[in-house]
Amino acid sequence: MNQNQGGNDARHDDDSALSDFLASLVDYTPTIPDELVEHYLAKSGFQCPDVRLIRLVAVATQKFVTEVASDALQQCKARQSAVVKDKRDKQQKDKRLILTMEDLSKALREYGVNVKHQEYFADSPSSGMDPASRDE
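- Going by the annotation in an unreviewed UniProt entry, the name recorded for the protein chain is Transcription initiation factor TFIID subunit 10, with Vitis vinifera given as the source organism.
- Among the UniProt annotations of the protein chain, the heading Sequence similarities (unreviewed entry) holds the following wording: "Belongs to the TAF10 family."

What follows is the structure in structure tokens.
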């Protein structure tokens with residue numbers, strides 16, 4: 001009986017923490033505007049007048065986008081460091097990172113999102129060439 005009471009106390013603490021968090025969302029202004037979140041939620045068939053829930057979805061979306069961007073950046077750095085190993089002089093002069101669809105696709109794949117990009121993306125030297133003249 002003591003374990004059951006301890007479980008109820010933990011549940012009450014979780015409910016209290018969730019209530020406090022949801023209340024804090026009322027004053028929070030997320031990076032992703034409420035109108036944009038509402039639009040995409042409505043487009044998927046979800047209607048909710050509670051601004052706290054809309055902002056919770058915005059915060060979760062912001063976290064997801066941030067994590068994907070961070071992972072894509074790591075993919076980009078790994079790819080460019082592998083390519084430039086032979087060219088140490090150029091690496092010292094040009095430290096710009098070039099993020100490609102391949103980097104983004106690899107990062108999204110880790111989250112279960114498969115991206116197939118169209119031929120018009122210029123991620124390869126053969127992009128924009130006549131398909132008959134490509135050496136594939």
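1. Focus on the pattern of salt bridges
- Overall, the coordinates contain five salt bridges when judged by the stated rule.
- Across the pair Arg 52 and Asp 50 runs a salt bridge, and its minimum N-O distance is 2.9 Å.
- Look at Asp 50 and you get partly exposed, because its relative accessible area is 27%.
- We note a salt bridge from Lys 63 to Glu 67, for which the minimum N-O separation is 2.2 Å. On the criterion of helical spacing, the pair formed by Lys 63 and Glu 67 is a turn pair, its members being four residues apart in helix H3 (residues 51–83).

2. Comments concerning the nonpolar core
- Listed in full, the five residues of the largest apolar core are Ile 32, Val 37, Leu 41, Ile 54 and Ala 58.
- Listed by contribution, the elements that provide at least two residues to this core are helix H2 (34–43) and H3.
- Discounting residues that sit within four places of it in the chain, Ala 58 has contacts with Pro 30, Ile 32 and Val 37.

3. A short note on the packing of H3 against helix H5 (residues 101–109)
- As a packed pair, H3 and H5 sit with axes 8 Å apart at the nearest point and diverge in direction by 125°. Looking at the two axes, H3 sits oblique to H5. Note on packing geometry: the crossing formed by H3 with H5 is right-handed. Residues Phe 64, Val 68, Asp 71, Ala 72, Gln 75, Cys 76 and Arg 79 of H3 form the contact with H5, whose participating residues are Asp 103, Leu 104, Lys 106, Ala 107 and Leu 108.
- Residue classes in the contact of H3 with H5 are distributed as seven nonpolar, one polar and four charged.

4. Section: H5
- For H5, the complete set of buried residues consists of Met 101, Asp 103, Ser 105, Ala 107 and Leu 108.
- Structurally, H5 contributes buried residues whose contacts are with H3.

5. Concerning the confidence of the model for the protein chain
- Scored by pLDDT, the protein chain has a mean of 80; 73% of the residues are at 70 or more.
- At the low end of the mean pLDDT range in the protein chain sits helix H4 (residues 88–93), at 54; at the high end sits H2, at 95.

6. A few points about a nonpolar patch on the surface
- Where nonpolar side chains cluster on the molecular surface, the patch consists of Phe 64, Val 65, Tyr 111, Val 113 and Val 115 and spans about 360 Å² of accessible area.
- As for its position among the elements, Tyr 111 is in the segment after H5.

7. Thoughts on the environment of Ala 23
- Along the chain, the position of Ala 23 falls in helix H1 (residues 2–24).
- For the pair Ala 23 and Arg 52, spaced 29 residues apart in sequence, the C-alpha to C-alpha distance is 7.4 Å.

8. A few points about the packing of H2 against H3
- In contact at an axis separation of 9 Å, H2 and H3 are set at 90° when each is read in the N-to-C sense. Taken together, H2 and H3 sit at an angle that is classed as roughly perpendicular. Contacts from Asp 34, Val 37, Glu 38 and Leu 41 in H2 reach Val 51, Ile 54, Arg 55, Val 57 and Ala 58 in H3.
- Taken together, the residues of the contact of H2 with H3 break down into six nonpolar, no polar and three charged.

About the criteria used
Residues numbered from 1 in each chain as written. Predicted model: local features only at pLDDT ≥ 70, side-chain atom pairs only at ≥ 80, totals over all residues. Heavy atoms only, no water. UniProt positions renumbered as here; feature names shortened; annotations may be inferred. Salt bridge = Lys/Arg side-chain N within 4 Å of Asp/Glu carboxyl O. Buried < 20%, exposed > 50% of the residue type's maximum accessible area, 1.4 Å probe, protein only. Helix = DSSP H or I, 4+ residues; strand = E, 2+ residues; numbered from the N terminus. Core = buried A, V, L, I, M, F, W, Y, C linked by side-chain atoms within 4.5 Å. Contact = heavy atoms within 4.5 Å. Axes fitted to C-alpha atoms, helices over the stretch in contact; angles between N-to-C directions. Parallel < 35°, antiparallel > 145°, perpendicular 65-115°, else oblique. Left-handed = near helix turned anticlockwise from the far one by under 90°. Nonpolar A, V, L, I, M, F, W, Y, C, P; charged D, E, K, R; others polar. pLDDT = per-residue confidence, 0-100. Patch = residues over 30% accessible without salt bridge, like charges linked within 9 Å, V, L, I, M, F, W, Y side chains within 5 Å. Areas by Shrake-Rupley, 256 points an atom, 1.4 Å probe, with all protein chains shown as cover.

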